[in-house]
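Residues per chain are reported as follows:
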Amino acid sequence: MADTSDPTRAREALALLSRISQLLNTGLDKESLAICIRLCEAGVHPEALAKAILEVRREINAVKNEANSSTEDKGTVSRQLL
Amino acid sequence: MNSDRPEDLAKVNLLYDLCLRLSKNEKGVDPNRLLDITIQTLSDHKSLSGSTVNEFVVIEGIKRKLSVVGVEEVATFRDLHRKLKTHCILKNRAEVIALLNSLSELTVPPERPDKILVEMPLNTLANMESLNLNSKGKSWETNWANNNASVAMKKENLSQGSIKPHTLSSPSPRVVWSEGSGRFDQPNVSEHVIIQELLYSFQGIEGKILKRDLTSSGFFIGHKLSRPQRKLVERLAELGWLHNKLEAFCEADKQRAVSKGLIAQALNTVIASEMTEFYRILADLQSQLHQQTERTIDSPMSEGVSRGSSGSHSSLNQPALTLLQLEVHMRQPLKRLRWLVAVCEACQDKKGGALASTVHGFLRNGDPYASNVVHSLLVAVCKPLYAMLSRWILDGELEDPFQEFFVHTNLQIKSDDQLWHEKYKVRESMIPSFISMAQARKILATGKSINFLHQVCEDHSPVNSRELLRQALENNSAEALFSLDRHSDLQSLMDTTYLEISRRVLDVLNTKYKFMEHMQALRRYLLLGQGDFIRHLMELLEPELRKPASDLNSHHLTGILESAIRATNAQYEDASILQRLDVRLLEHSPGDSGWDIFSVDYHMDGPIGTVFSSCTLSYLMLFNALWRAKRIEWILSVMWKRLTTSAKMLPKIPELTPVLQQLYLLSAEMVHMIHQLQYYFLFEVMECSWDKLISNVQQADGLDDIIKAHNQFLERIKAGALVDDSSEELSTQLRTIYDFALQLQSQEEKLHACVIREVRRRADLEKYIEENGTNNNVEGQNQTALKEFEAFLSSTRVGLRVLAKGYQGVVKKFLLLLASHPDISLQLLSSRLDFNDHYKRHDNRLAAPLTYQHRRRSEIPAPSDSPISTFRAPSEPL
């Protein structure tokens, strides 16, 4: 894979891409970005990958919301109990 | 996850890592579930894998998005992107950026993938570097999708079933058309679809409505359309055909152009750039069309869209693109493409200058727009031509690897002698139509003169106007070549350079190589202008040349020539000229005497050889003709001298008188004849032609003029000296006349010897008788001797009578030929030869040519360039 061939240059490229990422407000952290780059380099289509990431985020959010609402519910229940 | 391939496994691992990262802070999220989601999503969108990512489009989209945020962001992004480009470490740079773009959470909705897809066919515009890598990715992705076929199937069905409105512009064009196909059954196809199809067809891509005609590479309408739509589509469908034609031309020519030469390559390049321009127009229309769909379909987002692009893209605020508008938009490109195709077809099998002529033929077509198109083509086509021309007229160098220039060199000619005449020629088929033959000749002469100066004359001094010309050539472009203005600076400078370089050649020839002196020497020694030398040479050579031709020794003759030079005025001639004088013996056949094969030669090597060397044969012929006439004159004068000196002694023999009278008459006739002929040759022909030659040479602008003048000079004196092809009959007669003179000479010599013997015998006899007295024996001997002498005399008389008869017959024939000759100077010569009507009285035929009727008949076709008439006429420039 390309980014292992020359560590310093790979790091520079990663830095540049992460700045672009910040600029575009993608919400990816450096590690995720690195993985995404490697996936792209491996030939995964970017649009598909983007869709996948958005799906994953939605899923996580759904789970989070569920958890939040469940904790809220629990809180109200406990308050009610109290 | 049952993947067999290690790279698939690696990807799955990466995806798993990604899922872990994304869910790092969340509890209760199962990474495996997330992985399932990712893989499903990926396989859902496997149809995407066939498409390529156009970096340019993505970058433009990002810039547009960022421009909403602020100008600085755009600049930063541009900077980052530039840096990233210099890092060539990423194979799929465009893909990564596209990913980031898709994930971007800026207010503007992400650039839709179909935008990229729509521009995909315009791959001539696009950066092609990622294409190969992508196809690799594709194969992987299809494998991968097959592995998960069950999941993919389910998902695909789902997505097919639940087509939302905006999937009209969804990633795959196939989806668009399959979705749209439901509507194709009705004659009323949406205008949007038609426009899209048309735009595809303009790039040579077949669609549902416009089918490609396999035989003619054109398009036809393969679908029902309403009448007005049909009309418009029909009108526009031609563009697809034109596009295909041009593309085929570019492709076919790319291979052929290499062998067809620079000018064909130039045409190919300019056509390719015209195509690029055409694609740009299409891309514009495409984006307009696309934004329009976005606006109509994603209406909730339209606010954001219009806001986002208000800065850079105003087309969004325009009304929707209609078929009619498209037709109007495409009107000019259609015309342009039509002309391009016409030019390309005409140029298909041409190359070089011929190609430029063909393109030039399209220039004046009366339509200013089309003229413009052709003009731009012509400028491009002329560029290599212009470069070649500049090189040729500045340095005399030909850079023409494909034989396209209208000057070509014959590489087989190595010797410098033939450089001027043979080495460089105008290649007539390659003269562009905007350069006249006269101009082409001037251009040829300019470069040739440079080469001549460098190679033959070894003259390397710079020419003044060269620098000026170089500047002019640099300042002007190829356009100047075919501009109408024949008096532009460049043209006039080219003319002055031509004149200057030609004058330089003449100058060098005259000063360094003594051209005039050599010409003078040729006249003096080969055309017998130096009388004392020739006379002396003849006297010295006489004993040698009497010998049979086979006994002659050219070395010995050269010695005689040198002694003749030393003894006469020729010794004051320039040494370089005398060195060139030599003896030349022609090939002899048995029975020839030395006179027949001897001639004087002049070595014509070096730069002057350029003018003279082609004329060696002419000079040889002329020398022989003149030399023969001179010899006869000389023989006759020797004979006359002998007759005069012996006149005192001859009257002692009274029976000799009638013979002598015959002899005097005949020799006087011959002397008159030969003197008139010599006068004619030497004065009327030679001097007049020489005078004309000198004035022509002085007026000459270039070496070509001199060569021409010199050749004309030779032609004229050849005609005058009766050695050219047309006067063969006359020269045969002349030869017979000369033969009679020779016969007379031998008769006279015999007579003279006999008379001398007789005189001596008589003197001896007288003396003997005085001393010893006479007797029968002596008287008897005397009587037999006298009888013998008388017999000899009478035979001589008969011989002379026969000779005179024969001679007069020949002369009459000769005079008749002269008198009826179309050349008036020869007619005059005839009347001069027969000034007292001596011959005319004996032959009535001779009177006829001099009658008014005959003269009128013969005068009308008389050419005006006879020596006398041209001598008197004002000399016209050659």
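Here is what the cut-offs are and how they apply
Residues numbered from 1 in each chain as written. Chains lettered and ligands numbered in written order. Predicted model: local features only at pLDDT ≥ 70, side-chain atom pairs only at ≥ 80, totals over all residues. Heavy atoms only, no water. UniProt positions renumbered as here; feature names shortened; annotations may be inferred. Helix = DSSP H or I, 4+ residues; strand = E, 2+ residues; numbered from the N terminus. Buried < 20%, exposed > 50% of the residue type's maximum accessible area, 1.4 Å probe, protein only. Areas by Shrake-Rupley, 256 points an atom, 1.4 Å probe, with all protein chains shown as cover. Contact = heavy atoms within 4.5 Å. Buried area = accessible area lost by both parts, 1.4 Å probe. Salt bridge = Lys/Arg side-chain N within 4 Å of Asp/Glu carboxyl O. Polar contact = N/O pair within 3.5 Å; in protein donor to acceptor, adjacent residues only side chain to side chain. Axes fitted to C-alpha atoms, helices over the stretch in contact; angles between N-to-C directions. Left-handed = near helix turned anticlockwise from the far one by under 90°. Phe/Tyr/Trp six-rings, centres within 6.5 Å; stacked < 30°, edge-to-face > 60°. Pairing = 2+ DSSP bridges. Parallel < 35°, antiparallel > 145°, perpendicular 65-115°, else oblique. Nonpolar A, V, L, I, M, F, W, Y, C, P; charged D, E, K, R; others polar. pLDDT = per-residue confidence, 0-100. Disulfide = S-S within 2.5 Å.

- An unreviewed UniProt entry lists chain B under the name Gamma-tubulin complex component, from Megalurothrips usitatus.
- Word for word, the UniProt comment on chain B under Sequence similarities (unreviewed entry) is "Belongs to the TUBGCP family."

- Chain A appears in an unreviewed UniProt entry as Mitotic-spindle organizing protein 1 from Megalurothrips usitatus.
- What the UniProt record of chain A gives under Subcellular location (unreviewed entry) is the line "Cytoplasm, Cytoskeleton, Microtubule organizing center".
- What UniProt records for chain A under Sequence similarities (unreviewed entry) is the sentence "Belongs to the MOZART1 family."

### As for the overall build of chain A
Working step 1: Scanning chain A from N- to C-terminus turns up 4 helices and 0 strands.
Working step 2: Secondary structure elements of chain A, listed N to C terminal, follow the sequence α-α-α-α.
Working step 3: Residues classed as buried in chain A amount to 41% of the 82 residues present.
Working step 4: For chain A, the computed accessible surface area is about 4400 Å², with 51% contributed by carbon and sulfur atoms.

### Focus on the overall build of chain B
Working step 1: When you go through chain B residue by residue, the secondary structure sums to 38 helices and 6 strands.
Working step 2: Sequence-distant contacts in chain B: of pairs separated by 6 or more residues, those separated by 24 or more amount to 74%.
Working step 3: Entry remark: accessible area of chain B is about 42600 Å², with carbon and sulfur atoms responsible for 52%.

### Brief notes about the interface of chain A and chain B
Working step 1: With 48 residues of chain A at the interface, the matching set in chain B holds 56 residues.
Working step 2: Summed over both partners, the interface of chain A with chain B buries about 5100 Å², with 75% contributed by carbon and sulfur atoms.
Working step 3: Taken together, chain A and chain B are joined by 0 salt bridges.
Working step 4: The interface formed by chain A and chain B holds 1 residue pair in polar contact (both at pLDDT 80 or more) in total.
Working step 5: The element that contributes the greatest number of residues to the side of chain A that touches chain B is helix 4 (residues 46–81) of chain A, accounting for 16 residues.

### Some remarks on the environment of Glu517 of chain B
Residues and elements named next belong to chain B.
Working step 1: Its location among the elements puts Glu517 in helix 23 (residues 515–526).
Working step 2: Among the residues examined, Glu517 registers a relative accessible area of 37% and is labelled partly exposed.
Working step 3: Expressed as a C-alpha distance, the spacing of Glu517 and Ser576, which sit 59 residues apart in the sequence, is 9.9 Å.

### Let's talk about the packing of helix 29 (residues 616–645) of chain B against helix 30 (residues 657–699) of chain B
Residues and elements named next belong to chain B.
Working step 1: One can describe the packing of helix 29 onto helix 30 by two numbers: an axis separation of 10 Å at closest approach and a directional angle of 145°. Considering how the two elements wind past one another, helix 29 and helix 30 form a crossing that is left-handed. Every residue of helix 30 that contacts helix 29 at Leu626, Ala629, Lys630, Ile632, Glu633, Leu636, Met639 and Leu643 is listed here: Leu660, Leu663, Tyr664, Ser667, Met670, Val671, Ile674, His675, Gln678, Phe681 and Met686.

### Focus: the pattern of salt bridges
All names here are of chain B.
Working step 1: For the structure on display, the rule yields 31 salt bridges over all chains.
Working step 2: Ionic pairing is found between Arg336 and Glu274, a salt bridge with its closest N-O pair at 2.7 Å. Residue Arg336 is located in helix 15 (residues 331–347), and its partner Glu274 is located in helix 12 (residues 262–297); the two are separated by 62 residues in the primary sequence.
Working step 3: Among the ionic pairs, Arg761 bridges to Glu758, the shortest N-O distance being 2.9 Å. Residue Arg761 and its partner Glu758 are both found in helix 32 (residues 728–772); the two are separated by 3 residues, about one turn of the helix.
Working step 4: Using a relative accessible area of 22% as the deciding quantity, one classes Arg761 as partly exposed.
Working step 5: For Glu758, a relative accessible area of 5% gives the class buried.
Working step 6: Because the salt bridges share partners, they merge into one network encompassing Glu655, Glu758, Arg761 and Arg762.

### What about the packing of aromatic side chains?
Residue and element names in this part refer to chain B.
Working step 1: What the rule picks out here adds up to 14 aromatic pairs over all chains.
Working step 2: For the pair Phe278 and Tyr279, a centre-to-centre distance of 6.3 Å together with 40° between the ring planes defines the contact as tilted. Note on accessibility: Phe278 and Tyr279 belong to one class, buried.
Working step 3: Aromatic side chains Phe405 and Phe406 sit 4.6 Å apart centroid to centroid with 40° between the ring planes, which places their arrangement in the tilted category.
Working step 4: The class for Phe405 is buried, based on a relative accessible area of 0%.
Working step 5: Taking the relative accessible area as the measure of exposure, Phe406 reaches 0% and is therefore buried.

### With respect to the side chain of Ser825 of chain B
Working step 1: Examined against the element boundaries, Ser825 of chain B turns out to sit in helix 34 (residues 824–833).
Working step 2: There is a polar contact of 3.5 Å between the side chain of Ser825 of chain B and the side chain of Tyr680 of chain B.

### A closer look at unusual backbone geometry
For residues besides glycine, phi is generally negative; the peptide bonds are generally trans as well.
Working step 1: Positive phi, close to 60°, is recorded for Asn25 of chain A, a residue that is not glycine.
Working step 2: Among the structural elements, Asn25 of chain A can be located in the loop between helix 2 (7–24) and helix 3 (30–41).
Working step 3: Classification of Asn25 of chain A by relative accessible area gives partly exposed; the value is 38%.
Working step 4: In this model, Lys514 of chain B sits at a positive phi of 50°, which is unusual for a non-glycine residue.
Working step 5: Secondary-structure assignment places Lys514 of chain B in the loop between helix 22 (489–511) and helix 23.

### A word on the pairing of strand 6 (residues 598–602) of chain B
Residues and elements named next belong to chain B.
Working step 1: Across the 5 residues that make up strand 6, a large majority, 5, are buried.
Working step 2: Of the two faces of strand 6, the one holding Phe598, Val600 and Tyr602 and the one holding Ser599 and Asp601 are both buried throughout.
Working step 3: Of the pairings in the sheet, the one linking strand 5 (residues 581–585) to strand 6 comprises 5 bridges and is antiparallel in character. When the sheet's bridge partners are listed, Leu585 is paired in strand 6 with Phe598.

### Describing the packing of helix 29 of chain B against helix 32 of chain B
Residue and element names in this part refer to chain B.
Working step 1: Where helix 29 contacts helix 32, the two axes come as close as 10 Å, and the packing angle between them is 25°. One way to sum up the angle between helix 29 and helix 32 is to call them roughly parallel. Helix-helix and strand crossings are classified by hand; for helix 29 and helix 32 the assignment is left-handed. Residue-level contacts link Arg628, Ala629, Arg631, Ile632, Ile635, Leu636, Met639, Arg642 and Leu643 of helix 29 to Arg735, Tyr738, Ala741, Leu742, Leu744, Gln745, Glu748, Glu749 and His752 of helix 32.
Working step 2: Of the residues assigned to the contact of helix 29 with helix 32, the class counts are 10 nonpolar, 2 polar and 6 charged.

### Considering the environment of Pro333 of chain B
Working step 1: Within the secondary structure, Pro333 of chain B is located in helix 15.
Working step 2: Along the backbone, Pro333 of chain B and Leu239 of chain B are 94 residues apart, and their C-alpha atoms lie at a distance of 8.3 Å.

### Comments concerning the confidence of the model for chain A
Working step 1: Averaged over all residues, the pLDDT of chain A equals 74, while 77% of them reach at least 70.
Working step 2: Across residues 75–82 of chain A the pLDDT falls below 50, and counting only partners more than four positions away or on other chains, this stretch makes 0 contacts in the model.

### Description of the side chain of Ser689 of chain B
Residues and elements named next belong to chain B.
Working step 1: Mapping Ser689 onto the fold places it in helix 30.
Working step 2: A relative accessible area of 1% places Ser689 in the buried class.
Working step 3: Aside from chain neighbours lying at most four places away, what touches Ser689 is Phe713, Arg716 and Ile717.

### Overview of the environment of Glu197 of chain B
All names here are of chain B.
Working step 1: Residue position: Glu197 is located in helix 10 (residues 191–202).
Working step 2: The exposure class of Glu197 is buried, given its relative accessible area of 3%.
Working step 3: Taking the C-alpha atoms as reference, Glu197 lies 6.0 Å from Gly207; in sequence the two are 10 residues apart.

### Description of the confidence of the model for chain B
Residue and element names in this part refer to chain B.
Working step 1: Of the residues in chain B, 79% reach a pLDDT of 70 or more, and the chain-wide mean stands at 76.
Working step 2: In the model, residues 108–186 has pLDDT below 50 throughout and makes 126 contacts with residues more than four positions away in sequence or in other chains.
Working step 3: A low-confidence stretch, residues 860–878 (pLDDT under 50), is modelled with 24 contacts involving residues beyond four sequence positions or located in other chains.

### Some remarks on the state of the cysteines
All names here are of chain B.
Working step 1: The full count for this structure, using the stated rule, is 0 disulfides over all chains.
Working step 2: Among the cysteines around Cys250, which has no disulfide bond, Cys344 carries the closest sulfur, lying 6.8 Å off.
Working step 3: We classify Cys250 as buried; its relative accessible area is 9%.

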